[in-house]
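Spelled out, the chains give:
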Amino acid sequence: MTHADDPTSDRSGRMSLAVVFGGASVAFWFCCPFWMLVWVLALPLGLAGLVRGSIEYRAASRQSASLSQPLTGLALSLVGTAAAVAYMIFVFTHPDLLIQD
């Protein structure tokens, strides 16, 4: 098993996990109309993408590799996480919207 910081690991042609996590967190917002359920899934995926993106960014900068995938993963994860946090704040500050008679 190779580690992300391992300089001998062959990552050419493979998609970064940060891009996968960040893309999934953003895709939930566009694909699912039930935002009350989406933020619960998008928040952990976005946070995992942020952590993984920062690890991959440090590893790529040490190896003088391309930084495009880690930066893309960080950007997508940041958008997905920010949307989840913004919606969570909105719902918690407006609890009367959840109770419809």
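Above this text is the structure in question.
All of the points below concern the structure found in this document.

Some points on the pattern of salt bridges
Then comes step 1: Inspection of the entire model under this criterion finds one salt bridge.
Then comes step 2: For E56, the salt bridge identified is with R52, shortest N-O distance 2.9 Å. With a gap of four residues between them, E56 and R52 both fall in helix 2 (residues 35-63), about one helical turn apart. Exposure class is identical for E56 and R52. Each is buried.

Some points on the nonpolar core
The nonpolar side chains of a soluble globular protein tend to be buried with one another.
Then comes step 1: By size, the foremost hydrophobic cluster in this structure holds eight residues: W29, V38, W39, A42, L43, A84, Y87 and V91.
Then comes step 2: Counting residues per element, the ones that place at least two in this core are helix 2 and helix 3 (68-93).
Then comes step 3: In terms of residues, this core owes the most to one element, helix 2, which gives four residues.
Then comes step 4: Discounting residues that sit within four places of it in the chain, A84 has contacts with W29, W39, A42 and L43.

With respect to the environment of L47
Then comes step 1: Within the fold, L47 resides in helix 2.
Then comes step 2: Separated by 29 residues in sequence, L47 and A18 have C-alpha atoms that sit 9.8 Å apart.

A closer look at helix 3
Then comes step 1: Taking 1.5 Å of rise per residue, 26 residues should cover 38 Å, and helix 3 covers 37 Å from first to last C-alpha, within 8% of that figure.
Then comes step 2: Looking at helix 3, one finds that the buried residues are P70, G73, S77, G80, T81, A84, Y87 and V91.
Then comes step 3: Where the residues of helix 3 are buried, they touch helix 1 (17-31) and helix 2.

Re the packing of helix 1 against helix 2
Then comes step 1: Close contact between helix 1 and helix 2 brings their axes to 7 Å; oriented N to C, the two are set at 160°. Here helix 2 runs roughly antiparallel to helix 1, going by the angle between their axes. For helix 1 against helix 2, the interelement crossing comes out left-handed. Across from L17, A18, F21, A24, S25, F28 and W29 in helix 1, the residues of helix 2 making contact are W35, V38, W39, L41, A42, L45, G46, A48, G49, R52, G53 and E56.
Then comes step 2: Residue composition of the contact of helix 1 with helix 2, grouped by class: 13 nonpolar, four polar and two charged.

Quick word on the packing of aromatic side chains
Then comes step 1: Tallying each qualifying case throughout the model produces five aromatic pairs.
Then comes step 2: When the ring of W29 is compared with that of W35, the centres are 5.7 Å apart and the planes differ by 80°; the resulting orientation is edge-to-face.
Then comes step 3: Take W35: its relative accessible area is 42%, and that puts it in the partly exposed class.
Then comes step 4: Centroid distance W29 to Y87: 6.2 Å. Interplanar angle 65°. Geometry classified as edge-to-face. Of this pair, W29 sits in helix 1 while Y87 sits in helix 3, and the two are 58 residues apart along the sequence. When sorted by exposure, W29 lands in the same class as Y87, which is buried.
Then comes step 5: Aromatic rings pair up to connect W29, W35, Y87 and F90 into one cluster.

Thresholds applied
- Residues numbered from 1 in each chain as written.
- Predicted model: local features only at pLDDT ≥ 70, side-chain atom pairs only at ≥ 80, totals over all residues.
- Heavy atoms only, no water.
- Salt bridge = Lys/Arg side-chain N within 4 Å of Asp/Glu carboxyl O.
- Helix = DSSP H or I, 4+ residues; strand = E, 2+ residues; numbered from the N terminus.
- Buried < 20%, exposed > 50% of the residue type's maximum accessible area, 1.4 Å probe, protein only.
- Core = buried A, V, L, I, M, F, W, Y, C linked by side-chain atoms within 4.5 Å.
- Contact = heavy atoms within 4.5 Å.
- Expected span 1.5 Å × (residues − 1).
- Axes fitted to C-alpha atoms, helices over the stretch in contact; angles between N-to-C directions.
- Parallel < 35°, antiparallel > 145°, perpendicular 65-115°, else oblique.
- Left-handed = near helix turned anticlockwise from the far one by under 90°.
- Nonpolar A, V, L, I, M, F, W, Y, C, P; charged D, E, K, R; others polar.
- Phe/Tyr/Trp six-rings, centres within 6.5 Å; stacked < 30°, edge-to-face > 60°.

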